[in-house]
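Chain residues, written in single-letter form:
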Amino acid sequence: MATTAQLFEEPFDADEYIERLAWRTPGGGSKGGAEAFDPKRLLEEFENHIEELKQLDERIQRRVEKLEHQCHREAKEFAHKVQDLQRSNQVAFQHFQELDEHISYVATKVCHLGDQLEGVNTPRQRAVEAQRLMTYFNEFLDGELRSDVFNNPDKIKEAADIIQKLHLIAQELPFDRFADVKAKIASKYHDLERQLIQEFTAAQRRGEIGRMREVAAVLLHFKGYAHCVDVYIKQCQEGAYLRNDVFEDTAILCQRVNKQVGEVFSSPETVMAKLIQNIFENKLQMCLICHVIFELFYTFTRTTALATKLTEFNLGSDKHTFLSKLIKSIFSSYLESYIGMEREYLRTRGAMILQRYYDSKNHQKRPIGTGSIQDLKERIRQRTNLPLGPSIDTHGETFLSPELVVNLLQETRHAFERCHRLSDPSDLPKNAFSIFLLLVDHLCVEHIDYALEIGLSAIPSADAKNANLYFLDVVQQANSIFHLFDKQFNDQLMPLISSSPKLAECLHKKKEVIEQMEVKLDTGIDRTLNCMVGQMRHILATEQKKTDFRPEDENNVMIQYTTACSKVCTYVSRQVEHVRKSMDGKNVDTVLTELGVRFHRLIHEHLQQYSYSSMGGMLAICDVAEYRRCAKDFRVPLVLQLFDTLHALCNLLVVAPDNLKQVCSGEQLTNLDRNLLHAFVQLRVDYRSARLGRHFS
């Protein structure tokens, strides 16, 4: 049967089936086979196979009937199960409907309860917020900010939110009753705004996108948000234009900044538009102006040179006038607008040179002369010794740059050359004067004057210890720069205006600038000398001891002069050398004279604080002799004379009582006030015991 079963494999073909069955039967093959054909045997095989097929059919039929019966039975069972499941599903659906109705009922109750809670909580939150703001408002009203939020730099975001709300509230308050607190809130508002902008600037320099985004979001509600955007636009352009191709640099810059702007600002399209506007109005416009000016100067110069060569030809009776008219006809429209472009170029170029220098120092320029209370306090502090606040620490930086000065003067020199060539003769003095004013503004006001203001602010108070008196370095550099400025004034400007009314204006402006500088230089030098004297006073106060001039063992004094005297003389010698390096001409003698007079006054007053034994008086004389030796370094006769007189006064501390009148009548003391002489004699420890007062009766 296995063999027979194999014959029914798909695909089934009856003819093929019979052929295969005959082929398998011995004697059933073709006559030409190995075994002779036997039809009887083949018939017998067919009959047997038919019987087998019938039996196979019966077995299969019985199996089919059995499977059909089993299928009917399982179908009935499955139908019963489906009916049971439908009944269960109907019950579950009914339960679900009931649960859904219950959930809807509970949700309605919860929403109603939430509305009630919100109606109660919202006024409560508003009341809590109002109470919190009132607490902070009271601190401003009292003038003392005690809360940690205003004193902790890490809570600047929270402080900004509070001050922004208080600032809005303060706008609604009447000015007459709340003027003071409104001013305090406004001051704190602007202070936090400034701190946030500084934090944003620092974060941008560090490349901290997350911090930039956070600070920008806080500043969005402040008035200074626009300034924050301006700072970003300015800083993102730093170092972007390093090649000669401003257009390619601009495209690269915008591609680099575009993604960052989207990550930092809430309205990136506005910032990008403002950046591109800034580039067009500054970089590209300046590029255009620069190109036009330089090409105009080059073309005009070459054209006039060509005209000079063409005069060799016979062009008529007045060939010079003829050529001049031709030149004027093609250049007149460009020359009319020349000086405007020149001023704009110099203004932008000068500002760029200045900004590049201060950026290299990582210095943000301070507003000078704003008229604010802080500015008034600063100016009072500069001109007095009143302690109106701490001085600025510039770490010895003068903020004066020879390289910057050379660049500005070079640009101005080229501008004078272009002005001379391109200006109409009648407009030449006026145009040259306008260029001069720009030089004054950039060099004298924005650079020298600003450095002097910073230098004045950095001068410490007279009682400061170990102060860095670098203002003399500022004086030295300022003088050197002004000499260069004066040289250009005489060499380049004077020939252009010497025969015009503008000469008087230029001289007046120059005099005005010099006088303003001299006032600040004099103020700074005066306060620097006060600091020097203060440092000497500090040395004397810490090093000089009362026992120096009243030694316990009068017979065992070995020193030539006291430690205080030695340190003061060392300090004074250094300062004298510093003055000589910083000043020039008569200024050296003037400053050293003033320093020497103050030095003498200090020592004179210092010596009158002690009482002197006989040996102590000798030590005082030795000290004054050392001071007098130090005074010789001043090379000022008046200073040396003052110390000679002081040395003679100290002799009154040791001279025998009977010789006092003779010493007082000496050449150096005879013209002094008797009260001054008496005051020195009173410093002797034996004044009362020896009854020395009778010598001055």
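Residues numbered from 1 in each chain as written. Predicted model: local features only at pLDDT ≥ 70, side-chain atom pairs only at ≥ 80, totals over all residues. Heavy atoms only, no water.

(A) Spotlight on the overall build of the protein chain. Counting secondary structure elements, the protein chain contains 23 helices and 0 strands. Within the protein chain, the proportion of its 697 residues that are buried is 37%. Partitioning the intrachain contacts of the protein chain with sequence separation of at least 6 by distance along the chain shows that 73% fall at a separation of at least 24. Carbon and sulfur atoms provide 53% of the accessible area of the protein chain, an area that totals close to 41800 Å². (Helix = DSSP H or I, 4+ residues; strand = E, 2+ residues; numbered from the N terminus. Buried < 20%, exposed > 50% of the residue type's maximum accessible area, 1.4 Å probe, protein only. Contact = heavy atoms within 4.5 Å. Areas by Shrake-Rupley, 256 points an atom, 1.4 Å probe, with all protein chains shown as cover.)

(B) Structural view of the confidence of the model for the protein chain. Taken as a whole, the protein chain shows an average pLDDT of 81; of its residues, 81% reach a score of 70 or greater. Considering only residues more than four positions removed or in separate chains, one finds that residues 370-374, a stretch of pLDDT under 50, has 1 contact. Of the regions scoring below 50 in pLDDT, residues 385-390 engages in 9 contacts with residues more than four places distant in sequence or in other chains. (pLDDT = per-residue confidence, 0-100.)

(C) Broad picture of a nonpolar patch on the surface. A cluster of nonpolar side chains, contributed by L306, L310, F313, L315, F322 and L326, occupies part of the molecular surface with about 520 Å² of accessible area. One can find L310 in helix α10 (residues 268-310). (Patch = residues over 30% accessible without salt bridge, like charges linked within 9 Å, V, L, I, M, F, W, Y side chains within 5 Å. Salt bridge = Lys/Arg side-chain N within 4 Å of Asp/Glu carboxyl O.)

(D) Up close: empty space enclosed by the protein. In total, this model carries 2 cavities of 30 Å³ or more according to the counting rule given. Taken as a whole, the largest cavity holds about 80 Å³ of empty space. As for the largest cavity, its lining consists of L346, R349, G350, I353, L408, E411, T412, I435, L438, L439 and H442. For the lining of the largest cavity, the class distribution of residues is 6 nonpolar, 3 polar and 2 charged. (1 Å grid on protein atoms, 1.4 Å probe; cavity = no way out; pocket = protein on both sides within 12 Å on 5 of 7 lines; lining within 4 Å. Points joined across faces, edges and corners; volume = space filled by probe spheres on them. Nonpolar A, V, L, I, M, F, W, Y, C, P; charged D, E, K, R; others polar.)

(E) How the structure looks around the side chain of H363. By the element assignment, H363 lies in the loop between α12 (338-360) and α13 (373-383). Reaching out from H363, the side chain makes a polar contact with the side chain of Y450 at a distance of 2.6 Å. Those residues in contact with H363 that lie beyond four places of it in its chain are Y358, F399 and Y450. (Polar contact = N/O pair within 3.5 Å; in protein donor to acceptor, adjacent residues only side chain to side chain.)

(F) Structural context of the UniProt feature "coiled-coil region" (unreviewed entry) in the protein chain. Following the UniProt record, one finds the feature "coiled-coil region" (unreviewed entry) at residues 43-70. For residues 43-70, helix accounts for 100% and strand for 0%, while the C-alpha atoms at its two ends are 40 Å apart. (UniProt positions renumbered as here; feature names shortened; annotations may be inferred.)

(G) Representation of helix α21 (residues 637-650) in the model. With 14 residues, α21 extends 20 Å from end C-alpha to end C-alpha; this agrees with the ideal 20 Å at 1.5 Å per step. Here α21 has its buried residues at V639, F643, T645, L646, H647, A648, L649 and C650. Buried positions along α21 lie against α19 (586-607), α20 (614-631) and α23 (674-681). (Expected span 1.5 Å × (residues − 1).)

(H) The packing of helix α9 (residues 246-264) against α10, seen in detail. Running from N to C, α9 and α10 cross one another at 165 degrees; their axes reach a closest spacing of 10 Å. If you check the angle between α9 and α10, you find them roughly antiparallel. Helix-helix and strand crossings are classified by hand; for α9 and α10 the assignment is right-handed. Across the interface between the two elements, V246, F247, T250, L253, C254, V257, N258, V261 and G262 from α9 touch P268, V271, M272, L275, I276, I279, K283, L284 and C287 from α10. (Axes fitted to C-alpha atoms, helices over the stretch in contact; angles between N-to-C directions. Parallel < 35°, antiparallel > 145°, perpendicular 65-115°, else oblique. Left-handed = near helix turned anticlockwise from the far one by under 90°.)

(I) The layout of surface pockets, seen in detail. Of the pockets and cavities examined, the second largest pocket occupies roughly 940 Å³. Along the walls of the second largest pocket sit 25 residues, with R194, I197, Q198, H227 and Q364 positioned nearest its centre. Within the residue set of the lining of the second largest pocket, elements represented by two or more residues are α6 (175-206), α8 (225-236) and α12. No other element matches α6, which puts 11 residues into the lining of the second largest pocket.

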